[in-house]
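One letter stands for each residue in the lines below.
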Amino acid sequence: MVAHPRLLAIPLFTAFALATPVLNTFSRDLRVHDSRDVIPIGFAFAGAAPAHTPLKLRIALAQQTPDAVVDALYSVSDPSSNKYGQHLSQDEAASLAAPSSDSVATVNAWLAEHGLTATPLTPAGDWLEVQVNVSKANSLLAANYSLYTHGTSGVEAVRTLSYSIPSVLHAHIDVIHPTTAFPTTVQSDITLRKRSFHEPIVARSLASNCANGTTPACLQELYNIPTTPATVKSNTLGVTGRFGNNVHYAFLETFLKTYRPDMDPATNFSVTLLDGGNNDQDVPSVSEGELDIQYTVGLATNVPVEYIMVGIKAQDGDLDGYLDEVNYLLSQKAPPQVLTTSYGFAESGLSFKLADKLCKAYAQLGARGVSILYASGDSGVGCKTNSTSFQPTFPSNCPFVTSVGGTQGFAPEEAWDGSSGGFSNYFPAPAYQRAAIGTYLAQLAASPAGPKTKGRFNASGRAFPDVAAKADAFQVWENATVGLFGTSAASPTVASVVALLNDRLAQKGKPPLGFLNPWLYSKGVQGLNDIKTGNSSIECNGQDVGFEAVEGWDPVTGLGTPNFEKLLEVVGL
């Protein structure tokens, strides 16, 4: 099992603590740092939390220069920048994300007055952990931690509806959790549309490799993906695994024999275990892991694949292992150059403060040259009960990741109706996509869908997805061939294309693509297939609503699907 690395941050934390003199005492001039008026829908108060209940408080310190990491990310990711492709080292990125020495010393002194010692969790020292019990947390934060239960899932959570810290600390601490944010359901973007195939799918064209479902040969044909093996071993592709989605080696071997007979069937992947994760081979398949590995190992020929299995013993509370994973990757001198994740949840499931801190962590990883891809989701525009507003998904709403939507069919390829997409209520539209959004909104206003969608979304928000790929009828082997649907199939496909592009770039001594979006919206779009038909309409509170795929960018298929040969030309190869 891979232990969560922490030693890298300790010298930095120690240096900060010694650098600045701090107050010996803190007044009880407490000020509310965060609060909520009501308990989230679905949860119910179950009584006071027992005083001895253990809590791991995560404290996010304010970065010394709040925009430094994001500015650096755009500097190395925008093709118009003279620093394009000059990705940061681990130390350079950590120094930009670091809190001030005053922040570290002041917060450390406050904790020491309460008999507490913080453990730094990141190379930058911007996240700290303090282990306390409920009694101590209530005293430290002027909180009232209580037990809440979720009526449907049975999930129990120890939370407070308000917490306070000394006024002098407000400028030094961004957020503390678990506090006011309640657990949300993390979902795989595949489970809703799974069926076994015992008969061939009806063929549209018997000459197409896509006639009987989506296979590696189908994707190679559709997106011009080469079978030529990659050669640069330092170019790796990371795949996130969660919640017992174990990957079976025997299933991968059979898959390769069946669908990639030109490959060595013994081709395998490495496994990294976080938060109590495991990849036991004697448990039943639950599909997601099998899909993600079979369509990375089986598509990005000979690119080394790392399966990062995040277990259920998350150390980051409300972030359900998402922060644990990114912190693990930030602790690595050479993290995978591409990361694909097929899980997500509703944007509203996290507070803005938590979502923003995690998003900034992705920015730090992107500044180091990592392309981060997330499946956009399988719920169309997203329907909130008793609400007319569409519901964006997280982390696709983060401006510093590449969100992947879904398509279906071939000749022509069209939008998949489950493809999630829309506009964030948390993050504003980044500069790289404003022109594309403006063009789309003008088309929407003039279309029949305009009146139905008006007022249901934040037109000035970060828009997603950015790109798309097939999300229908993926042939996966798990003791039999099953057909799987979802954007969690699309994300590994696009990630494989990016990994193969990185291999070709590395062969020529060029840097990896890194954070993709500024390049995609300015140049990469020339190497994409524009999807112009289909929609993401769903039944929402008695009305069919959704977005249409149109010429140019749209919130169903983004800028379109990849064409490997054209993308090679765009990168100058």
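In what follows, the structure referred to is the one given above.
Bear in mind that the values here come from a model prediction, so they are computed numbers and not experimental data.

Rules behind the numbers
- Residues numbered from 1 in each chain as written.
- Predicted model: local features only at pLDDT ≥ 70, side-chain atom pairs only at ≥ 80, totals over all residues.
- Heavy atoms only, no water.
- Axes fitted to C-alpha atoms, helices over the stretch in contact; angles between N-to-C directions.
- Helix = DSSP H or I, 4+ residues; strand = E, 2+ residues; numbered from the N terminus.
- Parallel < 35°, antiparallel > 145°, perpendicular 65-115°, else oblique.
- Left-handed = near helix turned anticlockwise from the far one by under 90°.
- Contact = heavy atoms within 4.5 Å.
- 1 Å grid on protein atoms, 1.4 Å probe; cavity = no way out; pocket = protein on both sides within 12 Å on 5 of 7 lines; lining within 4 Å.
- Points joined across faces, edges and corners; volume = space filled by probe spheres on them.
- Nonpolar A, V, L, I, M, F, W, Y, C, P; charged D, E, K, R; others polar.
- Buried < 20%, exposed > 50% of the residue type's maximum accessible area, 1.4 Å probe, protein only.
- Phe/Tyr/Trp six-rings, centres within 6.5 Å; stacked < 30°, edge-to-face > 60°.
- Disulfide = S-S within 2.5 Å.

Draft legend 1. Geometry of the packing of helix α8 (residues 288-297) against helix α13 (residues 487-507). It is the contact of α8 with α13, at a shortest axis distance of 9 Å, that shows an interaxial angle of 25 degrees. In terms of their interaxial angle, α8 and α13 are classed as roughly parallel. In this structure, α8 meets α13 at a crossing whose hand is right-handed. Contacts between α8 and α13 pair Glu-288, Leu-291, Asp-292, Tyr-295 and Thr-296 from the former with Ser-488, Ala-489, Pro-492 and Ser-496 from the latter.

Draft legend 2. How the structure looks around empty space enclosed by the protein. Throughout the structure, instances matching the rule amount to four cavities of 30 Å³ or more. Volume-wise, the largest cavity comes out at about 90 Å³. Around the largest cavity, the lining residues are Val-467, Val-494, Val-497, Val-498, Leu-501, Leu-516, Trp-519, Leu-520, Leu-528, Gly-560, Pro-562 and Leu-567. Those elements that provide at least two residues to the lining of the largest cavity are α13 and α14 (517-522). Looking at the lining of the largest cavity, the element that brings in the most residues is α13, giving four residues. Considering only residue class, the lining of the largest cavity consists of 11 nonpolar, one polar and no charged.

Draft legend 3. The arrangement of the environment of Ala-490 in detail. Among the structural elements, Ala-490 can be located in helix α13. A relative accessible area of 0% places Ala-490 in the buried class. Each C-alpha atom of the pair Ala-490 and Leu-513 lies 19 Å from the other, and the pair is 23 residues apart in sequence. Once residues lying within four places of it in the same chain are set aside, the contact partners of Ala-490 are Val-404, Gly-405, Ala-469 and Lys-470.

Draft legend 4. Structural context of the packing of aromatic side chains. Applying the stated rule across the entire model yields 27 aromatic pairs. Geometrically, the ring pair formed by Phe-43 and Phe-182 is edge-to-face, given 5.1 Å between the ring centres and 65 degrees between the ring planes. Pair noted here: Phe-43 is in strand β2 (residues 43-48) and Phe-182 is in the loop between β9 (173-177) and β10 (187-188), with a separation of 139 residues, a long-range link. Centroid distance Tyr-322 to Phe-345: 5.4 Å. Interplanar angle 90 degrees. Geometry classified as edge-to-face. One end of the pair, Tyr-322, is in helix α9 (residues 322-330); the other, Phe-345, is in strand β16 (residues 343-346), with 23 residues separating them in the sequence. The class for Tyr-322 is buried, based on a relative accessible area of 2%. A network of ring pairs unites the aromatic residues Phe-390, Phe-423, Tyr-440, Phe-457, Phe-547 and Trp-553 as a single cluster.

Draft legend 5. The arrangement of the state of the cysteines in detail. Taken as a whole and judged by the stated rule, the model has two disulfides. Across the disulfide from Cys-210 sits Cys-218; the S-S distance is 2.0 Å. In this structure, the disulfide formed by Cys-210 and Cys-218 twists by about 90 degrees around the S-S bond and is classed as right-handed. Here Cys-359 engages in a disulfide with Cys-398; their sulfurs sit 2.0 Å apart. Since a negative S-S torsion denotes a left-handed disulfide, the Cys-359-Cys-398 link at about 85 degrees is right-handed. Taken together, the residues Cys-359 in helix α10 (residues 352-367) and Cys-398 in the loop between β18 (393-394) and β19 (402-408) connect sequence positions 39 residues apart. With a relative accessible area of 0%, Cys-359 lands in the buried category.

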